[in-house]
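# Working through the structure, step by step
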Amino acid sequence: MGIYDFYRRGPRVAEIAAVAEPDDQSTLQELREEMPARKSVIAKVANENILPVLTPHAEQAVSDPIAALKLIREDLGDCTRCKLHKQGRKQIVFGVGNPRADLMFVGEGPGADEDTQGEPFVGRAGQLLNNMIKAMGIRREDVYIANVVKCRPPGNRTPERDECETCSPFLMRQIAVVKPKVVVALGAVSAKNLLAINAPMSELRGRFYDFVPAGARSSDPSWQGTKLAVTYHPAFLLRDPRQKGEAWKDLQMVMKYLGLTPPKSGT
Ligand code: SF4
C-alpha cells in the first residue's frame, strides 16, 4: 500500500491526502479549499475531569518517562479488568511513541490491525494519521499515540461506557507521564471520555480545552495539565473524506499553538 503525503498548494490552501485507495485519491480535489486562520479559543472545562482524591501510583516517584510508562504497563499486566479481555482480543495495545512528546493523539480503541500488531493506528486509519502528522511537519516517532481502551472491541464496535471507565485511568496515567503540551482527541468517543462532557463534534471541535488527566498525578509538580483539542477520527475521515479540510483546520490550530511549520512542498 502506498502512502500519499499531505500536500500544500501555497500558503493558504491545504489538502489532506488519503492512503492509496482509488476512491480516496478521487477526493483530493474536494479537499482543496481556502483555510482562513481559525481563532483559537481557550475554554475551561469544568472540573468534572479532576478527581478530588488522587490515588498514588508507582510511576509518580519516577522522573524518567520511559521507566514510568513501563511501570504503568506492568501494573496493567495481562489485564482482565473489563469484559473486553474475554471478547477476542489478541493482545493489549498499550501505546507507542515518544515518551517525552509535546503532542499526543488519543483514539477510541484498537482495530483488527492494531490487535494483531500490538500498536495503535497501524491500519488504513493509521496511515492517514501518519499523513496528518507528517503534514504538521513532524514524524510519527515524535508524538505519543494511545487509545481510550487498550483491547479491541469485538467487530470494532464502539467501546462501552463501563469499558472506557475501567480502562481510561491507565490512559490518564500515561498522559501524566508523557506531559504533552497538547492532546488531540481523535473522534467523539475519545473526546467525550477525556473531557467528560457529552456534546456533538460540531461543538467539541475548534477550541482548546484546559485538561488535567483525571485521577493521575505527574512526577513533576510543576506540570499543571495540558491543552486538549478535538478532531475527527481518521477512520471517519476515510469514510467521509469531505471532512478532511475541517480536520486540517483543527491540526493547524494545534500547530500554531506548538509553533510548528508545515514542511515545504516536495520535502
Ligand atoms: S480494555 Fe483496558 S481495562 Fe479492559 S481488559 Fe483491556 S486493558 Fe483491561
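Once a new chain begins, its residue numbering starts again from 1 and follows that chain's sequence as written. Residue-level local features of this predicted model are given only where pLDDT is at least 70; pairs of side-chain atoms are given and counted only at 80 or more, and the full residue set underlies all totals for whole chains, interfaces and linings. The basis for every side-chain value is the complete set of heavy atoms in the structure, and neither hydrogens nor water enter the calculation.

## A word on the overall build of the protein
Condition: Counting from the N terminus, the helices are the DSSP runs of H or I reaching at least four residues and the strands are the DSSP runs of E reaching at least two. Note on classification: 1.4 Å probe, protein chains only; a residue is buried when its accessible area is under 20% of the maximum for its type, exposed when over 50%, partly exposed between these limits. By definition, residues are in contact when any of their heavy atoms lie within 4.5 Å. Residue exposure ignores everything except the shown protein chains as possible cover, and the areas themselves are Shrake-Rupley values with a 1.4 Å probe.
Across its full length, the protein carries 10 helices and 10 strands. When burial is assessed residue by residue, the protein has 49% of its 267 residues classed as buried. Considering only residue pairs separated by 6 or more positions, the protein has 72% of its internal contacts joining residues 24 or more positions apart. Carbon and sulfur atoms provide 50% of the accessible area of the protein, an area that totals close to 12,400 Å².

## Quick look at the nonpolar core
As a reminder of what qualifies: What is meant by a nonpolar core is a set of buried Ala, Val, Leu, Ile, Met, Phe, Trp, Tyr and Cys residues, joined one to another through side-chain atoms within 4.5 Å.
Among the nonpolar cores identified, the biggest contains 68 residues, and Leu103, Met104, Phe105, Met136, Leu194, Leu228 and Val230 are the most heavily contacted of them. Sequence-distant contacts of Met104, defined by excluding residues within four places in its chain, comprise Tyr144, Ala146, Leu171, Gln174, Ile175, Val178, Pro180, Val182, Val183 and Val184.

## Examining the packing of helix H3 (residues 65–76) against helix H6 (residues 161–178)
Our working rule: The convention used is that axes are lines fitted to C-alpha atoms, helices contributing only their stretch in contact, and that angles between N-to-C directions extend from 0 to 180 degrees. Should an angle lie under 35 degrees it is considered roughly parallel, over 145 roughly antiparallel, and from 65 to 115 roughly perpendicular; all remaining angles are considered oblique.
Their axes nearest at 9 Å, the elements H3 and H6 cross at an angle of 170°. The orientation of H3 with respect to H6, classified from their angle, is roughly antiparallel. Taking contact as the criterion, the partners of Pro65, Ala68, Leu69, Ile72, Asp75 and Leu76 in H3 are, on H6, Phe170, Arg173, Gln174, Val177 and Val178.

## Quick look at the site of the ligand
Going by this rule: Think of it this way: one heavy atom of a residue within 4 Å of a molecule or strand is enough to make that residue near it. Under the scheme applied, nonpolar residues are Ala, Val, Leu, Ile, Met, Phe, Trp, Tyr, Cys and Pro; charged residues are Asp, Glu, Lys and Arg; polar residues are all the others, including Gly.
Taken together, Leu76, Cys79, Arg81, Cys82, Leu84, His85, Arg89, Lys150, Cys151, Thr166 and Cys167 make up the full set of residues adjacent to the ligand. Residue composition of the shell around the ligand, grouped by class: six nonpolar, two polar and three charged.

## Comments concerning the pattern of salt bridges
Once the charged atoms of two side chains with opposite charge are near each other, the side chains can pair. The following threshold applies: Any Lys or Arg side-chain nitrogen located within 4 Å of an Asp or Glu carboxyl oxygen qualifies as a salt bridge.
Applying the stated criterion across every chain, the model contains 22 salt bridges. Salt-bridge contacts for Glu74 lead to Lys70; the nearest nitrogen and oxygen are separated by 3.6 Å. Of this pair, Glu74 and Lys70 both sit in helix H3, four residues apart, which is roughly one turn of the helix. As a salt-bridge pair, Asp102 and Lys181 come within 3.7 Å of each other at their nearest N and O atoms.

## Remarks on the side chain of Ser218
Worth spelling out the cut-off: Nitrogen and oxygen atoms within 3.5 Å of one another constitute a polar contact, given that in protein one can donate a hydrogen and the other can accept it, and given that sequence-neighbouring residues count only through two side-chain atoms.
Assignment of secondary structure puts Ser218 in the loop between strand S9 (208–211) and strand S10 (226–231). When its relative accessible area of 10% is taken as the criterion, Ser218 is described as buried. At a separation of 3.4 Å, a polar atom in the side chain of Ser218 contacts the main-chain carbonyl oxygen of Ala176. Once residues lying within four places of it in the same chain are set aside, the contact partners of Ser218 are Ala176, Lys179 and Trp223.

## Regarding the pairing of strand S6 (residues 103–107)
Across a regular strand the side chains alternate sides, sitting on one face of the sheet and then on the other. Operational definition: The pairing criterion for strands is at least two bridges between them, as found by DSSP.
Taken across its five residues, S6 has five buried, putting it largely inside the fold. Bridge count for S6 against strand S8 (residues 182–186) is four bridges, and the pairing is parallel. Bridge pairing in S8 places Phe105 opposite Val184.

## A short note on the packing of aromatic side chains
Basically, it comes down to this: Aromatic pairing here means that ring centres of Phe, Tyr or Trp (its six-membered ring) are within 6.5 Å. Orientation follows from the plane angle: under 30 degrees is stacked, over 60 is edge-to-face, and everything else is tilted.
What the rule picks out here adds up to two aromatic pairs. Ring centres 5.1 Å apart and planes at 50° place the aromatic pair Phe208 and Tyr257 in the tilted group. In this pair, Phe208 sits in strand S9 while Tyr257 sits in helix H10 (residues 244–258), placing the two residues 49 residues apart along the sequence. By relative accessible area, which is 41% here, Tyr257 ends up partly exposed.

## Quick notes on the confidence of the model for the protein
This is how the line gets drawn: Confidence per residue, as judged by the predictor, is encoded in pLDDT with a range of 0 to 100.
Across the protein, pLDDT averages 84, with 79% of residues at or above 70. Note that residues 1–52 has pLDDT below 50 and, in this model, 125 contacts with residues that lie over four places away or in other chains.

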